[in-house]
Amino acid sequence: MGSASSAYRVIYLDVDGRIQKVVFSRFCSPYDIKELFCTALGIPRESVPALSVLDRNTTLSLLDSTGAMVSIDPTMPHNSERSPYRVVPLIGGQLADKEELFQNVLTQVAEQFSRAFKINELKTEVTNRLAMLEKRVELEGMKVVEIEKCRSDIKKLREEMASRNNSNFLDDNKKLTPRRDVPSYPKYHLSQETVEALRQPTFDVWQWEPNEMLSCLEHMYHDLNLVKDFNMNPITLKRWLLCVHDNYRVNPFHNFRHCFCVTQMMYSMICLCSLQEIFTQVDILILMTAAVCHDLQHPGYNNTYQINARTELAVRYNDISPLENHHCAVAFQIFSQPDCNIFSTFDAEAFKQIRQGIITLILATDMARHGEILDSFKHKVDSFDFTDEEHVTCLKMVLIKCCDISNEVRPMEVAEPWVDCLLEEYFMQSDREKAESLPVAPFMDREKVTRPTAQIGFIKFVLIPMFETVMKLFPQIEDVMIQPLKESRDRYEELKQIDDAMNEVQKKKSENLTMGKKK
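These figures come from a predicted structure and were not determined experimentally.

Concerning the UniProt feature "binding site: Zn(2+) 2" (unreviewed entry) in the protein
Piece 1. Under the UniProt annotation, "binding site: Zn(2+) 2" (unreviewed entry) lies at Asp295.
Piece 2. Checked against the element boundaries, Asp295 lands in the loop between α10 (281–293) and α11 (303–308).
Piece 3. Apart from the residues lying within four places of it in its own chain, the contact partners of Asp295 are Tyr248, His254, His258, His327 and Asp404.

This is the structure in C-alpha cells:
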C-alpha cells in the first residue's frame with residue numbers, strides 16, 4: 001500500500017512522541033500533503049489559506065531517522081511505524097532565501113513550459129477549476145467518498161493537460177546532432193551467405209543486433225551503387241545511419257528493427273524485380289531512403305490517437321497524417337546537419353526532386369490513404385507506362401506500402417513475433433484510450449482481439465489484393481510473396497477454428513455448471 005506504484009501512500013509521523021499515520025493519494029499535490037501534515041501537528045487552520053497553500057510564516061521540514069531532510073511530495077520514500085518521519089514547523093524567515101530561490105526556479109520552469117507546450121490558453125481555465133475543486137477538499141468533517149471524488153476530478157484535469165502534450169518531441173531534438181565518434185560501430189564483414197540472404201524476402205531480421213543491422217544497411221547502399229554513383233562520403237553515410245538509429249524509439253513494434261525490416265524488404269524487391277533496370281538510380285535512392293526514414297520518432301500511438309487526444313502533432317499538422325508528416329520533418333532535420341547530409345553532392349534542383357520524392361513516399365505509408373492509393377494504382381496497372389512520371393510515382397508509393405506491412409510475407413517463425421509486438425503496441429494504446437475516455441478501435445482492444453482475428457482480415461482484404469496487383473507488373477513475386485501470404489491466411493483461419501471450438505466447449509461447460517447449481 002505504501003509502494004510507489006499503488007494508488008495510495010502511507011506515511012508515519014512522530015508527533016510529540018506519538019505515531020501519527022497519514023494516508024494520501026499518489027496524485028495529491030505537495031500542498032495537499034503539507035496540509036495533511038499541518039492537521040496532524042495541530043497547526044491552526046488560520047495558517048492554511050483556502051487554496052491549500054501554507055502561510056509564508058509556517059514552513060514544514062520533514063526529517064528521517066538520520067536527521068536527513070525528506071522532500072514533501074507524492075514520491076517521498078515510504079517508512080514504517082518503527083522509523084517515522086519527524087515534522088518540524090519553521091516559523092518566520094528561516095527559509096526565506098531558499099523560498100526565493102525556489103520561486104525563481106519555478107518561474108523559469110513555468111516560462112519554459114509555457115513556450116514549449118503552448119498551454120497559456122488553458123492556464124486560466126485550469127487554475128480556476130483546480131481552485132474550485134481544491135476548496136472543496138476540507139479534511140475536517142468531510143466524508144471519505146467526497147474527498148476521493150474531488151481527488152478524482154483533479155486527477156482527470158491534470159491528465160487532460162498531460163494528454164494534450166503526450167509526446168514531448170522537443171526532447172528528441174538532442175538526438176538530431178550527428179555523432180562525431182565515427183566509426184562507432186564495427187564494420188562487420190558480411191559472409192557471402194549473408195549477402196545472398198539479405199536479398200531475399202525470407203531474411204530473418206531477428207538474428208541481428210543494432211550494430212549488425214547498421215552494417216547491413218550500409219552494405220545495401222554500397223551494393224546498389226548508390227554511394228559510388230552519387231559520390232557519397234562513406235563516413236557521412238555511416239553518421240547518417242547512426243543518427244537515424246538514435247531517432248527510432250524503443251516501442252514494441254515501431255522501432256529501429258522495424259525500420260531495418262522495411263528497408264531490407266525494399267532492397268529484396270529491388271533485387272527480385274530488377275528495379276534498377278526500370279527505375280533511375282535517383283528513384284532507387286528515394287525508395288531506399290524513404291524506407292529507412294519512414295517511421296522516425298514514432299511515439300507508439302497511431303494517428304487516430306493523436307487526433308482524438310488533440311496532441312501537439314495533431315494540432316501542428318491539422319489532423320492530416322500527423323505522424324507521417326512528423327517522420328518527414330525529422331528526416332530532413334537530420335539531413336540539414338552537414339555531417340549527415342548524404343545528398344550534399346546534389347545541386348539545389350536535384351535535391352528538391354529527391355526531397356519531394358521521399359516526402360511523397362513517407363506520406364503514402366498512412367494507412368488512412370490505403371484505398372485511395374491502391375485504387376489509383378489499379379486504374380494504371382493494366383496500361384502501365386514506365387516513362388510516365390505519374391505512373392512511376394504511384395508504383396513507388398505502392399512499393400513502400402508493400403514493404404511497410406510485409407511481415408506476413410516472411411516465414412512463419414519470422415512473422416509471428418511481429419504480430420505479438422504489434423498487438424502489444426495496440427493494447428498499450430487502447431489501455432490509454434480507455435483511461436482517457438477516448439474511442440477504442442475493436443482491433444486494438446485486448447478484450448476483443450486475438451492473434452488470428454487480428455491477421456485474417458488484414459491478410460485477406462489488405463495484403464493479398466495489394467500484392468496481387470503488384471504481381472501484374474512483376475509476376476516473379478507470386479511464389480516468394482503471394483504464396484506465403486495465402487499460406488499465412490490459411491494457417492490463421494485454422495487457428496481461429498480451433499479457438500472457436502475451444503470457446504464453444506468452454507461455453508457449454510459454463511452452462512452445464514450453471515444448470516447444476518440451479519438444480
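A short note on helix α16 (residues 389–404)
Piece 1. Compared with the 22 Å implied by 1.5 Å per residue over 16 residues, the 23 Å span of α16 between its first and last C-alpha is a close match.
Piece 2. Of all 16 residues that make up α16, 13 are buried, and the element is covered over most of its length.

Regarding the UniProt feature "binding site: Zn(2+) 1" (unreviewed entry) in the protein
Piece 1. If you check UniProt for "binding site: Zn(2+) 1" (unreviewed entry), the listed places come out as His258, His294, Asp295 and Asp404 in our numbering. In three dimensions, the annotated residues from a span of 147 residues occupy one location, with a maximal C-alpha spread of 10.0 Å.
Piece 2. In this fold, His258 is placed in helix α9 (residues 256–272).
Piece 3. Relative accessible area serves as the criterion here: at 1%, His258 is assigned to the buried category.
Piece 4. What His258 contacts, discounting residues up to four positions off in sequence, is Phe253, His294, Asp295, Asp404 and Trp418.
Piece 5. With respect to the helices, strands and loops of the structure, Asp404 is situated in helix α16.
Piece 6. Excluding anything up to four places from it in sequence, Asp404 contacts His258, Val262, His294, Asp295 and Thr365.
Piece 7. Looking at Asp404, its side chain comes within polar contact range of the side chain of His258, at 3.2 Å.

Some points on helix α18 (residues 451–471)
Piece 1. A maximum bend of about 45° is found in α18 at Ile459.
Piece 2. Those residues of α18 that fall on the buried side of the exposure criterion are Pro452, Gln455, Ile456, Ile459, Val462, Leu463, Ile464, Met466, Phe467, Thr469 and Val470.

Looking at the packing of aromatic side chains
For any pair of aromatic rings, the description rests on two quantities: the centre-to-centre distance and the angle between the ring planes.
Piece 1. Applying the stated criterion to the full structure yields 17 aromatic pairs.
Piece 2. Judged by centre distance (5.2 Å) and plane angle (40°), the rings of Tyr301 and Tyr305 are tilted.
Piece 3. On the accessibility criterion, Tyr301 (12% relative accessible area) is buried.
Piece 4. For Tyr305, a relative accessible area of 0% gives the class buried.
Piece 5. Taking the centre distance of 6.1 Å and the plane angle of 55° together, the rings of Phe343 and Phe351 count as tilted.
Piece 6. Connected via pairs of aromatic rings, a cluster forms that spans Tyr221, Phe230, Trp240, Phe332, Phe335, Phe343, Phe346 and Phe351.
Piece 7. A cation sits over an aromatic face here: Arg491 above Tyr492, 5.2 Å from the ring centre.

Here we look at the packing of α9 against α10
Piece 1. As a packed pair, α9 and α10 sit with axes 8 Å apart at the nearest point and diverge in direction by 160°. Viewed along their axes, α9 and α10 adopt a mutual orientation that is roughly antiparallel. Here the hand of the crossing between α9 and α10 comes out right-handed. Residues Cys259, Val262, Thr263, Met266, Tyr267 and Ile270 of α9 form the contact with α10, whose own contacting residues are Ile284, Leu287, Met288, Ala291 and Val292.
Piece 2. Split by residue class, the contact of α9 with α10 holds 10 nonpolar, 1 polar and no charged.

A short note on the nonpolar core
Piece 1. Judged by nonpolar contacts, the single largest core of 103 residues is most densely connected at Tyr221, Leu226, Trp240, Phe260, Leu285, Met288 and Phe467.
Piece 2. Setting aside its immediate chain neighbours within four residues, Trp240 contacts Tyr221, Thr289, Val292, Cys293, Ile334, Phe335, Cys340 and Ile342.
Piece 3. Judged by nonpolar contacts, the second largest core, of 19 residues, contains Val15, Ala40, Val70 and Met76.

Structural notes on the pattern of salt bridges
Piece 1. Counted by the stated rule, this structure contains 18 salt bridges.
Piece 2. Notably, a salt bridge pairs Glu493 with Lys460, separated by 3.7 Å at the nearest N-O pair. On the criterion of sequence distance, the pair formed by Glu493 in helix α19 (residues 477–518) and Lys460 in helix α18 is long-range, its members being 33 residues apart.
Piece 3. Looking at Lys460, the relative accessible area reads 32%, which means it is partly exposed.
Piece 4. Taken together, the shared-partner salt bridges in this structure form one network comprising Glu416, Asp420, Arg451 and Arg491.

Quick notes on the pairing of strand β2 (residues 18–25)
Piece 1. Relative to β2, strand β1 (residues 8–15) is paired through 8 bridges, and the arrangement is antiparallel. In the sheet register, Asp14 faces β2, and the bridge partner there is Ile19.
Piece 2. Connecting β1 to the antiparallel partner β2 that follows it, the hairpin turn spans 2 residues, and Asp16 within it adopts a positive phi of roughly 55°.

A look at the environment of Ile459
Piece 1. Turning to its location among the elements, Ile459 is positioned in helix α18.
Piece 2. You can call Ile459 buried: its relative accessible area is 0%.
Piece 3. Residues Ile459 and Val409, 50 residues apart in the sequence, show an inter-C-alpha distance of 9.9 Å.
Piece 4. In contact with Ile459, not counting residues within four places along its chain, are Glu408, Ile464, Pro465, Leu485, Ser488, Arg489 and Tyr492.

A word on the environment of Arg446
Piece 1. Here Arg446 lies in the loop between α17 (412–435) and α18.
Piece 2. Residues Arg446 and Tyr426, spaced 20 residues apart in sequence, show a C-alpha to C-alpha distance of 8.2 Å.
Piece 3. Every residue in contact with Arg446, bar those within four places of it in the chain, is listed here: Phe427, Ser430 and Asp431.
Piece 4. Among the polar contacts listed, one links the side chain of Arg446 to the side chain of Asp431, at a separation of 2.6 Å.

Considerations on the confidence of the model for the protein
Piece 1. Of the residues in the protein, 77% have a pLDDT of 70 or more, and the chain-wide mean is 85.
Piece 2. Per-residue pLDDT stays below 50 along residues 1–5; that stretch engages in 14 contacts with residues further than four places along the chain or on separate chains.
Piece 3. When the criterion is pLDDT under 50, residues 164–170 qualifies, and its contacts beyond four places in sequence or with other chains add up to 22 contacts.

Here we look at unusual backbone geometry
Piece 1. Backbone geometry places Asn318, a non-glycine residue, at a positive phi of 55°.
Piece 2. Tracing the chain through its elements places Asn318 in the loop between α12 (312–316) and α13 (322–335).
Piece 3. Taking the relative accessible area as the measure of exposure, Asn318 reaches 58% and is therefore exposed.
Piece 4. Non-glycine residue Ser437 carries a positive phi angle of around 60°.
Piece 5. Following the sequence through the fold, Ser437 ends up in the loop between α17 and α18.
Piece 6. Residue Ser437 is classed as exposed on the basis of its relative accessible area, which comes to 67%.

Cut-offs applied
- Residues numbered from 1 in each chain as written.
- Predicted model: local features only at pLDDT ≥ 70, side-chain atom pairs only at ≥ 80, totals over all residues.
- Heavy atoms only, no water.
- UniProt positions renumbered as here; feature names shortened; annotations may be inferred.
- Helix = DSSP H or I, 4+ residues; strand = E, 2+ residues; numbered from the N terminus.
- Contact = heavy atoms within 4.5 Å.
- Expected span 1.5 Å × (residues − 1).
- Buried < 20%, exposed > 50% of the residue type's maximum accessible area, 1.4 Å probe, protein only.
- Polar contact = N/O pair within 3.5 Å; in protein donor to acceptor, adjacent residues only side chain to side chain.
- Bend = angle between axes of the 7 residues up to and from the residue.
- Phe/Tyr/Trp six-rings, centres within 6.5 Å; stacked < 30°, edge-to-face > 60°.
- Lys NZ or Arg CZ within 6 Å of the ring centre and 35° of its normal.
- Axes fitted to C-alpha atoms, helices over the stretch in contact; angles between N-to-C directions.
- Parallel < 35°, antiparallel > 145°, perpendicular 65-115°, else oblique.
- Left-handed = near helix turned anticlockwise from the far one by under 90°.
- Nonpolar A, V, L, I, M, F, W, Y, C, P; charged D, E, K, R; others polar.
- Core = buried A, V, L, I, M, F, W, Y, C linked by side-chain atoms within 4.5 Å.
- Salt bridge = Lys/Arg side-chain N within 4 Å of Asp/Glu carboxyl O.
- Pairing = 2+ DSSP bridges.
- pLDDT = per-residue confidence, 0-100.

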